[in-house]
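One-letter residues, chain by chain:
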Amino acid sequence: MSGSSAWAVSPGLGLVQLPGFYLGHDIQQGTLVPVLEAYRPTDSGVWAVYPHNRHLSAKVRLFVNFLADRFNR
């Protein structure tokens, strides 16, 4: 349940790919079922999400650059 996987979400409405802990209750209840298990992503990622702004704060820019340097190794 802890790995990222695709899950059928709200029958008939589509799929979602999230870590299992986000969906724990629904997985335990059986309202969501795993699908496409053979196609699990093998990589993990870190995303820095911030509002687009021409005048990005120096602190935010520094932190994003730190993350990019740290996780691109």
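Just above sits the structure.
As the structure is a prediction and not an experimental result, all values here were calculated from the model.

Draft legend 1. How the structure looks around the overall build of the chain. Helix and strand counts for the chain come out as 2 helices and 3 strands. Looking at the chain as a whole, 14% of its 73 residues are labelled buried. In the chain, of all internal contacts separated by at least 6 residues, the share reaching a separation of at least 24 is 32%. Within the structure as shown, the chain displays about 6,300 Å² of accessible surface, and the carbon and sulfur contribution to it stands at 58%.

Draft legend 2. Fine view of a nonpolar patch on the surface. On the surface, a cluster of nonpolar side chains totalling about 380 Å² of accessible area is made up of L15, L36 and Y39. Locating L15 in the fold gives a position in strand β2 (residues 14-19). Assessed through its relative accessible area of 55%, L15 is described here as exposed.

Draft legend 3. Seen up close, helix α2 (residues 58-71). Compared with the 20 Å implied by 1.5 Å per residue over 14 residues, the 20 Å span of α2 between its first and last C-alpha is a close match. Between the side-chain oxygen of the N-cap and the backbone nitrogen of K59 there are 3.1 Å, and the N-cap of α2 in question is S57.

Draft legend 4. Region of interest: the packing of aromatic side chains. Applying the stated criterion to the full structure yields 1 aromatic pair. Between F63 and F66, the ring centres sit 6.4 Å apart and the planes meet at 25°, which makes this aromatic pair stacked. Placement of both F63 and F66 in helix α2 is noted, with a separation of 3 residues, approximately one turn of the helix.

Draft legend 5. Region of interest: the environment of Q17. If you trace the backbone, Q17 turns up in strand β2. The sequence separation of Q17 and R40 amounts to 23 residues, and the corresponding C-alpha distance is 9.1 Å.

Quick notes on the rules
Residues numbered from 1 in each chain as written. Predicted model: local features only at pLDDT ≥ 70, side-chain atom pairs only at ≥ 80, totals over all residues. Heavy atoms only, no water. Helix = DSSP H or I, 4+ residues; strand = E, 2+ residues; numbered from the N terminus. Buried < 20%, exposed > 50% of the residue type's maximum accessible area, 1.4 Å probe, protein only. Contact = heavy atoms within 4.5 Å. Areas by Shrake-Rupley, 256 points an atom, 1.4 Å probe, with all protein chains shown as cover. Patch = residues over 30% accessible without salt bridge, like charges linked within 9 Å, V, L, I, M, F, W, Y side chains within 5 Å. Salt bridge = Lys/Arg side-chain N within 4 Å of Asp/Glu carboxyl O. Expected span 1.5 Å × (residues − 1). Polar contact = N/O pair within 3.5 Å; in protein donor to acceptor, adjacent residues only side chain to side chain. Phe/Tyr/Trp six-rings, centres within 6.5 Å; stacked < 30°, edge-to-face > 60°.

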